[in-house]
There are 4 protein chains.
Amino acid sequence: MIRFTTAGESHGRALVAILEGVPAGLALAAADIDAELTRRMQGYGRGGRMKIEADRVQILSGVRAGETIGAPIALLVENKDFANWSEVMAVEAGADPAKRRLTRPRPGHADLAGALKYDRRDARDVLERSSARETVARVAAGAVCRRLLAAFGVEIGSHVVALGGIEAALPATLPVPLDRAADASPVRCLDPVAEVEMVARIDAARKEGDTLGGVAEVVVRGLVVGLGSHIAWDRRLDGRLAAAWMSIPAVKAVEIGLGVQAAHLPGSEAHDEIARAAPGAARNAGGFARATNRAGGLEGGMTTGGPLVARVAMKPLSTLMRPLASVDLETGAAAKAQAERSDVTAVPAMGVIAEAMAALVLADAYAEKFGGDSLGEMRRNVGGYLAQLDERRGAWGVEP
Amino acid sequence: MIRFTTAGESHGRALVAILEGVPAGLALAAADIDAELTRRMQGYGRGGRMKIEADRVQILSGVRAGETIGAPIALLVENKDFANWSEVMAVEAGADPAKRRLTRPRPGHADLAGALKYDRRDARDVLERSSARETVARVAAGAVCRRLLAAFGVEIGSHVVALGGIEAALPATLPVPLDRAADASPVRCLDPVAEVEMVARIDAARKEGDTLGGVAEVVVRGLVVGLGSHIAWDRRLDGRLAAAWMSIPAVKAVEIGLGVQAAHLPGSEAHDEIARAAPGAARNAGGFARATNRAGGLEGGMTTGGPLVARVAMKPLSTLMRPLASVDLETGAAAKAQAERSDVTAVPAMGVIAEAMAALVLADAYAEKFGGDSLGEMRRNVGGYLAQLDERRGAWGVEP
Amino acid sequence: MIRFTTAGESHGRALVAILEGVPAGLALAAADIDAELTRRMQGYGRGGRMKIEADRVQILSGVRAGETIGAPIALLVENKDFANWSEVMAVEAGADPAKRRLTRPRPGHADLAGALKYDRRDARDVLERSSARETVARVAAGAVCRRLLAAFGVEIGSHVVALGGIEAALPATLPVPLDRAADASPVRCLDPVAEVEMVARIDAARKEGDTLGGVAEVVVRGLVVGLGSHIAWDRRLDGRLAAAWMSIPAVKAVEIGLGVQAAHLPGSEAHDEIARAAPGAARNAGGFARATNRAGGLEGGMTTGGPLVARVAMKPLSTLMRPLASVDLETGAAAKAQAERSDVTAVPAMGVIAEAMAALVLADAYAEKFGGDSLGEMRRNVGGYLAQLDERRGAWGVEP
Amino acid sequence: MIRFTTAGESHGRALVAILEGVPAGLALAAADIDAELTRRMQGYGRGGRMKIEADRVQILSGVRAGETIGAPIALLVENKDFANWSEVMAVEAGADPAKRRLTRPRPGHADLAGALKYDRRDARDVLERSSARETVARVAAGAVCRRLLAAFGVEIGSHVVALGGIEAALPATLPVPLDRAADASPVRCLDPVAEVEMVARIDAARKEGDTLGGVAEVVVRGLVVGLGSHIAWDRRLDGRLAAAWMSIPAVKAVEIGLGVQAAHLPGSEAHDEIARAAPGAARNAGGFARATNRAGGLEGGMTTGGPLVARVAMKPLSTLMRPLASVDLETGAAAKAQAERSDVTAVPAMGVIAEAMAALVLADAYAEKFGGDSLGEMRRNVGGYLAQLDERRGAWGVEP
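What this report covers is the structure whose coordinates are included nearby. (Residues numbered from 1 in each chain as written. Chains lettered and ligands numbered in written order. Predicted model: local features only at pLDDT ≥ 70, side-chain atom pairs only at ≥ 80, totals over all residues. Heavy atoms only, no water.)

Here's the deal with the relation of the copies chain D and chain A
Okay, step 1: For these two chains of identical sequence, chain D goes onto chain A by a turn of 180 degrees and a shift of 0.0 Å along the axis, with RMSD 0.0 Å. Put plainly, the chains are arranged around a two-fold axis.
Okay, step 2: Both copies share a contact surface, since 100% of the interface residues of chain D are interface residues in chain A too. (Least-squares fit on C-alpha atoms with pLDDT ≥ 70 in both. Contact = heavy atoms within 4.5 Å.)

Notes on helix H1 (residues 30-41) of chain A
All names here are of chain A.
Okay, step 1: If you check H1, its first and last C-alpha atoms are 17 Å apart, about what twelve residues at 1.5 Å a residue would give, namely 16 Å.
Okay, step 2: What H1 keeps buried is the set Ile33, Asp34, Glu36, Leu37, Arg39, Arg40 and Met41.
Okay, step 3: Positive backbone phi, at 115 degrees, marks Gly43, one or two positions downstream of H1. (Helix = DSSP H or I, 4+ residues; strand = E, 2+ residues; numbered from the N terminus. Expected span 1.5 Å × (residues − 1). Buried < 20%, exposed > 50% of the residue type's maximum accessible area, 1.4 Å probe, protein only.)

Considerations on the interface of chain D and chain A
Okay, step 1: Taken together, the contacts link 46 residues of chain D with 46 residues of chain A.
Okay, step 2: Between chain D and chain A, roughly 3,800 Å² of surface is buried when both sides are summed, and carbon and sulfur atoms account for 56% of that area.
Okay, step 3: Its largest share of buried area at the contact with chain A, chain D owes to Leu60(D), Arg64(D) and Val91(D), together 19% of the area lost on that side.
Okay, step 4: Connecting chain D to chain A are eight salt bridges. (Buried area = accessible area lost by both parts, 1.4 Å probe. Salt bridge = Lys/Arg side-chain N within 4 Å of Asp/Glu carboxyl O.)

Re the interface of chain B and chain A
Okay, step 1: Each side of the interface is counted separately: chain B has 103 residues, and chain A has 103 residues.
Okay, step 2: Here chain B and chain A share an interface that buries about 8,200 Å² over both sides, 61% of which is from carbon and sulfur atoms.
Okay, step 3: Seen at the junction of chain B and chain A, the total is two salt bridges.
Okay, step 4: Residues Arg392(B) and Asp119(A) are paired through a salt bridge, measuring 3.6 Å at the closest nitrogen-oxygen approach.
Okay, step 5: The interface formed by chain B and chain A holds 43 residue pairs in polar contact (both at pLDDT 80 or more) in total.
Okay, step 6: Taken together, the residues of the side of chain B that touches chain A sort by class into 52 nonpolar, 28 polar and 23 charged.
Okay, step 7: Summarising the sheet, strand S10 (residues 251-256) of chain A and strand S10 (residues 251-256) of chain B pair through three bridges and their orientation is antiparallel. Each residue of the ladder has a partner; that of Val254(A), found in S10(B), is Val254(B). (Polar contact = N/O pair within 3.5 Å; in protein donor to acceptor, adjacent residues only side chain to side chain. Nonpolar A, V, L, I, M, F, W, Y, C, P; charged D, E, K, R; others polar. Pairing = 2+ DSSP bridges.)

Structural notes on the sheet that holds strand S1 (residues 3-7) of chain C
All names here are of chain C.
Okay, step 1: One open sheet accounts for four strands, arranged S1-S2-S6-S3; its pairing is antiparallel. Only two strands of the sheet have a single partner each, and these edge strands are S1 and strand S3 (57-59). Taking each pair of neighbouring strands and ignoring which way they run, the sheet shows an average axis angle of 20 degrees.
Okay, step 2: Pairing analysis gives six bridges linking strand S2 (residues 14-20) to strand S6 (residues 73-78), with the strands arranged antiparallel. Along S6, the bridge assignment pairs Ala14 with Glu78.
Okay, step 3: The sheet contacts of helix H6 (residues 135-150) involve S1, S2 and S6, and relative to S2 the element is tilted by about 35 degrees. (Axes fitted to C-alpha atoms, helices over the stretch in contact; angles between N-to-C directions.)

Structural notes on the pattern of salt bridges
Okay, step 1: Following the criterion strictly, the structure yields 147 salt bridges over all chains and no others.
Okay, step 2: Across the pair Arg146(B) and Glu36(B) runs a salt bridge, and its minimum N-O distance is 3.3 Å. Taken together, the residues span a long stretch of sequence, with Arg146(B) in helix H6 (residues 135-150) and Glu36(B) in helix H1 (residues 30-41) at a distance of 110 residues.
Okay, step 3: Owing to a relative accessible area of 10%, Glu36(B) belongs among the buried residues under this scheme.
Okay, step 4: Linked by salt bridges that have partners in common, Glu36(A), Arg39(A), Arg146(A), Asp179(A), Asp183(A), Arg188(A) and Glu355(A) make up one network.

Some words on the relation of the copies chain B and chain A
Okay, step 1: At an RMSD of 0.0 Å, chain B and chain A line up after a rotation of 180 degrees and a shift of 0.0 Å along the axis.
Okay, step 2: A shared binding surface is used by both copies, with 100% of the interface residues of chain B retained as interface residues in chain A.

Details of the pairing of strand S9 (residues 214-221) of chain C
Residues and elements named next belong to chain C.
Okay, step 1: Across the eight residues that make up S9, a large majority, eight, are buried.
Okay, step 2: Pairing of strand S7 (residues 155-163) with S9 involves eight bridges; the strand directions are antiparallel. Across the sheet, His159 pairs through a bridge with Glu217, a residue of S9.
Okay, step 3: As paired elements, S9 and strand S15 (residues 308-314) share seven bridges and run antiparallel to each other. Following the sheet pairing, Val218 is matched in S15 by Ala310.

Comments concerning the sheet that holds strand S6 (residues 73-78) of chain A
All names here are of chain A.
Okay, step 1: Pairing is antiparallel across the open sheet formed by four strands, whose spatial order is S1-S2-S6-S3. Looking at which strands have only one partner, the edges of the open sheet turn out to be strand S1 (3-7) and strand S3 (57-59). Across the sheet, the mean angle separating the axes of adjacent strands is 20 degrees when strand polarity is ignored.
Okay, step 2: The strands touched by H1 are S3 and S6; relative to S3, the strand with the most contacts, the crossing angle is about 150 degrees.

Looking at the packing of aromatic side chains
Okay, step 1: A full pass over the atoms with the stated rule returns 20 aromatic pairs over all chains.
Okay, step 2: On the basis of an interplanar angle of 10 degrees and a centroid distance of 5.3 Å, the ring pair of Phe4(A) and Trp233(B) is categorised as stacked. Of this pair, Phe4(A) sits in strand S1 while Trp233(B) sits in the loop between strand S9 (214-221) and helix H9 (237-246), which puts the two residues in different chains.
Okay, step 3: For the ring pair Phe152(A) and Tyr366(A), a centre distance of 5.6 Å and an interplane angle of 20 degrees mean the geometry is stacked. Linking Phe152(A) in the loop between helix H6 (135-150) and strand S7 (155-163) with Tyr366(A) in helix H12 (residues 347-370), this pair joins segments that are 214 residues apart in sequence. For the pair formed by Phe152(A) and Tyr366(A), the shared burial category is buried.
Okay, step 4: Following the ring pairs from residue to residue traces out a cluster consisting of Phe152(A), Tyr366(A), Phe370(A) and Tyr385(A).
Okay, step 5: A cation over an aromatic ring shows up here: Lys117(A) above the ring of Tyr118(A), its NZ or CZ 5.5 Å from the ring centre. (Phe/Tyr/Trp six-rings, centres within 6.5 Å; stacked < 30°, edge-to-face > 60°. Lys NZ or Arg CZ within 6 Å of the ring centre and 35° of its normal.)

What follows is the structure, given as structure tokens:
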């Protein structure tokens, strides 16, 4: 079992993640993680903070001489901005409680529900944790899982397919590797025409003090058939992935494969007919091939061996520079919602975060199916399974 | 913590659920559960089985003299059809293995991935469990949670908003109670015009040996503000609900509130401005009101106190009477997928199942926030929280 | 992950277990489970119920044609005595609430704490679930895990080492298989002299209306080195086993290896020196041997490859025929505790239950380390690990 | 739900804990945690490291202006000794792998099993995590839970009842607060005669290059009746506590109440008769009193409202200065086990660690029964339950 936990406030001292269950023997350097942290900071439409900070991870444990040792991996990313917030965010009692207090909750954010639930007078106690900055810790932990999956030939990428109402045309085939191709665009979009429009839309929104949402498509290639399971609702991989993606701040929809569109098609057009794979085809689908991938690589809550494809939709950010109507928690008086420094859009970054969440869930699915306390053991077990799949094909009298 | 587990094959002896953590003192009768099982069997477009079976639950434990006692509640629903399958599904060794064997997997179903993963020669070993009949056990367990939530004024309903490509017009306001209003329609649709078209579309699909998917909207009213939490990814209620819904067989998309649509709107049009509630307003939102509900009642992974609204989209069923192309697992030869008796569509039932999953997740969220081993204790704790919310309002100098 | 859940009251309709995560392809028959249920019913000192009932399992799901299919295994054991309790234990409202009511809680039992916690007027609502009859479901589920472990050469047994204050002399070497050898004794004791004394002590206690406790030693042979883990407190196998055993009703102590005795010895006498295994030695300890087994086969929360040895101590049963002082819950008046039909001692049975709990925990530990959705896959992965251990030895220039 | 995770190696950069689920509004300062860390470092018989290091916690998140905010609390304790180990323990590749390598595993330690399981050539990759230094993180997290429990009048202490074979005489009544009274002794023992002998035994063992184990008694006072539950094996508090304590490095036995001794007594002498509490008695036992506490405050897996009393037995440390026989992992040759700087005994510290584990489990049990996202809410819910208990007593016509 691979599991992870995060901690840390947006303007606190640091973000922290503990990732547990990664097999020993995986080569890992801070640079592997920093590369993902950098990807998360990119994207046209980010605010000032992204320019201040260059997130850098400190690996506090679980790695020695460049290799995982099987122990929990603790990752720490300092908030460089903390220097400016040390009084407001001080752990110690005594700081001026009125400073940077937030009592006019932002519609769409956790501010109001959180302040009521946790009975806080200052909604800053909520927003500091509910802030999307928390995803720094997820991306850091996900970067480790990404490395693990790469050892099994799994490649994870994403690209922006809609932003601010502008939908991108999809290329006939997705580039490999997808992550780098998307990163080359300021909005992580593969359609150069849409890209230009998206950038313009962002500029316009910034002027209007408004924010923008969008949709990222996540694509995972190279997964072996049979991850997840149909036998229990909470072992199904579709549910586990949906939970992981829907838990990203501001995400309001998750679609797998055709998603909503599948609901409108007849069965004769909504499934992926099964054929025999050509000799020499990738072994991970067990000798079967599909001309289409409407299921997005998941059938019965299990991977098919085809690419896992999903869309994750994010609403516009809740912090508007031209604030929405709210109520002051102290007085009950109508008031404009408080504004914090924020981005116009974070959709490009959200794709990177969705990749990280996919990596965390899928690495766990590998650990579940294959066990393995060392990379060598996991590799041997995966290899044995691939050979088992080959054998079945062999029984057809066909060369795998 | 309220948790549940299910077991049982589609044509096996019975479906079983164990539901654990329900407080003592809740009035409960088998009829409460049977009513939900009956709702699950309804819907135009179901196949022959629905006519054969009238599912009836046996409460095996956890209830005494008409009241829960705090112990695990075991629920058993016999498969009446088992009489016809007793040889094929026999637990004992010795039955003819060739009988009703499935070696030509259905595209879209768990058959292929499951047979490879679990290394089964007969994909029946997979489909019997991956079948949507498993949801009988979920609906039974969910019915108990529904009763628990009703004790707190929570009402759960759903209606079909699209089926086979036909989209329903939405009424200006949803009827109360929603479940009964929807159940009055053969396709559980509130739009009588669309209803007629949907029925016709089902008839047409049946003739063509095809199947249909669709979308149900789930609505939960009366929830208190602050269920779920922003503090950790796996405590967020949006993620937990998404997992629950996406784990329903054939579901490929989950949208909360505006869902995908929110991604295309500017922030100024995508959030729900906050106002002070009118005197005498429901206490569960803590004295705040929203003119809109674009967030679907969830902000920051927590309930807002407004209605929880989500859409769950289901692809068409994978068993077509005019089967799709497949491959014979034994020989590797191209073949038509095997056909089992099946429905043309199960979208109306899926809404009922989605209600059950919502009930299971939300009952757990109540247990998490309020604890309570008896209904009286839970009620007292909820009451104390409502008074706490009132008090805050009282501080405004406003009569709650 | 292998997990299980149980439900059922002592005099209710049935006990139920759902066991999830057992790989497909394991040969399994009801008789395999019944054999363990029979072992659980044995033991000198049991009351009348054991004579009435011969527990027989019904496998409701998860097994087909004599083999597991990977799906959850639901097991049901009817309470034959239910016929006599159908009114008292009726699920339906309306039965006479005064019948068989328990308001004078038994010291030592869950009655009092449970009635207060769950706010029940009738402590029967508590005792029916807290009764040790619940362990029928554990033994049934454990029997399946036992079969799984047997496929890997793991043998689980137990014997009574103390009963009613009489301590057994230990044989120089334990018989193989241990379970059968112990079962041959009416008190499951390997020391024939102590056995006679124990039987006499039981007879005496019965006359006095008293009850007796005792200690069982659990021994598991054939485990591979490296199950469990040192990396996190809740992955350590010692802790997981301690939880499983301490959760058996009336158990008050768990000792691993030398247990408490180890605390009184110097380090030079408390550990097991490491030597090289002789050529041809069992492969599961990785080429190492120990002349002693003071650690009980667990070091650092992991198996050493030597026998797992632990002692589980059970207090005397809480239901005395000559009852202890109590208080009537209704009136607050001093009163004698209520007596229910009960046994004089259940120590022999407790050993069987402790075996079952060990099987459940250890099967999960195998699933965790080796993954595997089919027995073949798990076997291949275990085999690969054994070869890995051999290889290390091979590097010494020694023939494994 | 309150849960925690730890990370960190013995000579790595730091130990880290993330504690999640603590309600908002709890006053908390680093000094509260440091006090427990200091207690953990005390004890006659510790080695040189304890003199080098004065562990100090950094609270990285979850606390603001001296109060918890409901968010995960990340705690970091630097290893001051890291300066001397920075090359050996470097995260980066490139360090000389031969330095401080451990290839001669210590009997009793995780070295051998861990090196085989995780397939490491250098057992340092194992011992660095399996080291008892990991418990720094547990004590830090436990200190927070201790503060939470203190808000409900719960007091946790421990004292050493045996060390190196010397057993302490028990005082007629335990001092209040127990922790401070025990801390006043260099071996945390309340018996001054035994204390002198223990110190002498430690001195002797040090000279002989040997190590010593012992037993600590943990006592928790002020718990409310009804924590934990009888309804499911893994909700029982006895099992959860046993897991927590048995997971402490070197612990080999856990006894609750009379423990093993209870197994040898007749039922008439092994239970705690129930009486009515005197007017004005503590409310947390619900109006009942016991003259004895043989059950150790746990019946049916639930608290009785009396003191929770358990004994935790620790074997002698596995690192001997006069090393035991071992085998070199590289060559297979017989060799003396490697020696690391170590303590003669850590029994006094183990008691403090056992207190911390108790605090973590019991705080979770409070969260489970009472819910509550703010301290005020949890307090209100506990208060309501106490009033419910009072009311029952009131029905007797007795003034509570």
